[in-house]
Amino acid sequence: MEILFDNPLANLYGPYFLLMYGLFIIVVAAAVWIAKRFADSSDRISPPSIPANIDPFEIAYLRGGANELARAAVFSLRQRGLVQIVSEGKKATISRTDVKPSNLNQVETDVLNWIGTGREPGEFFSGGGLVGDLARHAEAYQSRLERQQMINGRAQKAGFAPVKWAAALAVLGFGGYKAAAALLHGRSNILFLVIIGVIGVVAVFAAGNLPRLTKLGKSYLERLQLAFDTLKYESQRPYIAGAEPLPATAQAGFAGVDPLLLTVGVFGTGILAGTMFSDYNDAFRKAQTSSSCGSGCGDCSSSSCSSDSGSSCGGSSCGSGCGGCGGGD
């Protein structure tokens with residue numbers, strides 16, 4: 001039994017073991033990351049063709065989750081002239097207009113009812129805000145996209161969880177063995193060992209976190225962005241600030257969807273910069289400034305600052321693509 005805690009590994013000089021432990025953690029984390037890549041086999045499926053009845057809200061949800069769904073729906077109402085944005089200093093309010101709504105889908109109807117007599121941008125993405133009110137629509141999109149293998153859902157995460165836990169236990173077990181050997185030999189200076197072990201477990205779980213989009217989902221989104229890249233600029237042209245005012249009714253576009261709304265769904269609200277709808281992003285940017293980007297960035301990190309690239313809040317779109325983190329899956 002003595003050989004278990006009295007051998008070259010157990011007696012290895014502390015700094016040397018810490019170096020070995022660090023390398024072990026790197027290897028384990030890399031193995032988990034590689035396993036995660038192989039676990040997603042959706043790239044074996046060809047991206048689907050662009051549907052004739054494309055839903056800009058579903059695309060917005062695919063790109064950035066519930067927050068982007070809310071952004072696209074609110075913009076749709078703003079474009080139709082059903083809501084207005086009133087700015088007073090650093091404060092902005094989004095409220096209904098006197099325009100009578102018509103031909104709204106259920107998402108737009110729910111958003112319009114939620115706005116009611118007026119809401120501040122900071123309310124849209126806070127707990128119990130518009131995102132919460134749209135939960136049933138978000139769940140429907142989530143379920144459909146999961147079935148299409150575009151998004152990693154609970155089942156995929158649960159299926160990969162044993163790999164992460166096994167790797168984490170390996171890291172803890174290796175470090176725990178050395179800690180036990182040190183304590184048995186009367187050495188109690190194991191603080192750095194514990195710290196590196198904790199960092200190792202965090203690294204393993206970070207490496208094993210499944211991305212929101214599958215390989216197929218990313219590929220499909222890239223196909224959409226490539227297909228509508230020209231439309232992105234064409235859809236902006238009639239709305240450039242200073243151009244002739246256009247009627248509030250939507251203009252005919254791809255599959256009957258207004259081209260600007262469609263490109264907002266595909267690329268995010270960053271494309272509104274320089275158009276007569278730039279006040280939309282400005283309103284949420286003011287909300288960010290007034291709240292010092294506190295809770296807003298918490299939401300942002302989960303989905304919304306993916307307006308331009310589908311990336312996370314850390315991307316460059318966080319400043320302009322989402323109108324900042326003030327409203328920010």
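Data block above holds the structure.
Residues numbered from 1 in each chain as written. Predicted model: local features only at pLDDT ≥ 70, side-chain atom pairs only at ≥ 80, totals over all residues. Heavy atoms only, no water.

Asker: For this particular structure, what's the right way to read the overall build of the protein chain?
Answerer: When you go through the protein chain residue by residue, the secondary structure sums to 16 helices and 2 strands. Split into buried and exposed, the 329 residues of the protein chain put 43% on the buried side. Within the structure as shown, the protein chain displays about 16200 Å² of accessible surface, and the carbon and sulfur contribution to it stands at 59%. (Helix = DSSP H or I, 4+ residues; strand = E, 2+ residues; numbered from the N terminus. Buried < 20%, exposed > 50% of the residue type's maximum accessible area, 1.4 Å probe, protein only. Areas by Shrake-Rupley, 256 points an atom, 1.4 Å probe, with all protein chains shown as cover.)

Asker: Would you mind showing me how to read unusual backbone geometry here?
Answerer: Negative phi values dominate among residues other than glycine, just as trans dominates among peptide bonds. Phi at Asn 103 takes a positive value of approximately 55°, unusual for a residue other than glycine. Structurally, Asn 103 can be placed in the loop between β2 (91–96) and α5 (106–115). When its relative accessible area of 72% is taken as the criterion, Asn 103 is described as exposed. Positive phi values are uncommon outside glycine, yet Gln 149 reaches one of about 60°. Along the polypeptide, Gln 149 turns up in the loop between α8 (135–147) and α9 (154–184).

Asker: Explain the pairing of strand β1 (residues 83–88) to me, please; I cannot follow it from the model alone.
Answerer: Within a regular strand, side chains alternate between the sheet's two faces. The sheet contact formed by β1 and β2 spans 6 bridges and is antiparallel. Across the sheet, residue Gln 84 finds its bridge partner in β2, namely Ser 95. (Pairing = 2+ DSSP bridges.)

Asker: Explain the packing of aromatic side chains to me, please; I cannot follow it from the model alone.
Answerer: Remark: the centre distance and the inter-plane angle together describe each pair of aromatic rings, the angle taken between the planes. Inspection of the entire model under this criterion finds 12 aromatic pairs. Summarising the aromatic geometry, the rings of Trp 165 and Phe 205 are spaced 5.1 Å apart at their centres and angled 80° between planes, so their arrangement reads as edge-to-face. Highlighted residues: Trp 165 in helix α9 and Phe 205 in helix α10 (residues 191–207), separated in sequence by 40 residues. Using a relative accessible area of 52% as the deciding quantity, one classes Trp 165 as exposed. Taken together, the ring pairs in this structure connect Phe 17, Tyr 21, Phe 24 and Phe 174 into an aromatic cluster. Here the guanidinium or amino end of Lys 178 rests over the ring plane of Phe 17, the centre of that ring lying 5.3 Å away. Here the basic side chain of Arg 212 rests over the ring of Tyr 61, its NZ or CZ set 5.2 Å away from the ring centre. (Phe/Tyr/Trp six-rings, centres within 6.5 Å; stacked < 30°, edge-to-face > 60°. Lys NZ or Arg CZ within 6 Å of the ring centre and 35° of its normal.)

Asker: When you look at the packing of helix α3 (residues 56–64) against helix α11 (residues 215–227) in this model, what are you seeing that I'm missing?
Answerer: To characterise two packed helices, one gives the angle between the axes of the helices and the distance between these axes. It is the contact of α3 with α11, at a shortest axis distance of 10 Å, that shows an interaxial angle of 125°. Taken together, α3 and α11 sit at an angle that is classed as oblique. In the packing of α3 onto α11, the handedness of the crossing is left-handed. Here Ile 59, Leu 62 and Arg 63 of α3 lie close against α11, whose contacting residues are Gly 217, Tyr 220, Leu 221, Leu 224 and Gln 225. Tallied by class, residues from the contact of α3 with α11 come to 5 nonpolar, 2 polar and 1 charged. (Axes fitted to C-alpha atoms, helices over the stretch in contact; angles between N-to-C directions. Parallel < 35°, antiparallel > 145°, perpendicular 65-115°, else oblique. Left-handed = near helix turned anticlockwise from the far one by under 90°. Contact = heavy atoms within 4.5 Å. Nonpolar A, V, L, I, M, F, W, Y, C, P; charged D, E, K, R; others polar.)

Asker: Is there a simple way to explain the nonpolar core in this structure?
Answerer: Looking at soluble globular proteins, one finds that nonpolar side chains tend to be buried together. Formed by 54 residues in total, the largest nonpolar core has its most connected members in Val 111 and Phe 124. When residues in this core are grouped by element, the largest group, 8 residues, is from helix α4 (residues 66–79). Dropping the residues within four chain positions of it, Phe 124 is found in contact with Val 74, Ile 94, Trp 114, Ile 115, Arg 119, Gly 129, Leu 130, Val 131 and Phe 284. Listed in part, the 19 residues of the second largest apolar core include Phe 160, Ala 168, Phe 174 and Val 204. (Core = buried A, V, L, I, M, F, W, Y, C linked by side-chain atoms within 4.5 Å.)

Asker: How should I be thinking about the pattern of salt bridges in this particular structure?
Answerer: Side-chain pairs of opposite charge can arise where the charged atoms are in close proximity. Here the structure, examined in full by the defined rule, presents 11 salt bridges. The salt bridge partner of Glu 58 is Arg 144, with a shortest N-O separation of 2.8 Å. Of this pair, Glu 58 sits in helix α3 while Arg 144 sits in helix α8, and the two are 86 residues apart along the sequence. Of the residues examined, Glu 58 reaches a relative accessible area of 16% and is grouped as buried. (Salt bridge = Lys/Arg side-chain N within 4 Å of Asp/Glu carboxyl O.)

Asker: It is not clear to me how a nonpolar patch on the surface should be interpreted in this structure. Could you clarify?
Answerer: On the surface, a cluster of nonpolar side chains totalling about 440 Å² of accessible area is made up of Leu 191, Phe 192, Ile 195 and Ile 199. Looking at where Ile 195 falls in the secondary structure, it is placed in helix α10. Using a relative accessible area of 38% as the deciding quantity, one classes Ile 195 as partly exposed. (Patch = residues over 30% accessible without salt bridge, like charges linked within 9 Å, V, L, I, M, F, W, Y side chains within 5 Å.)

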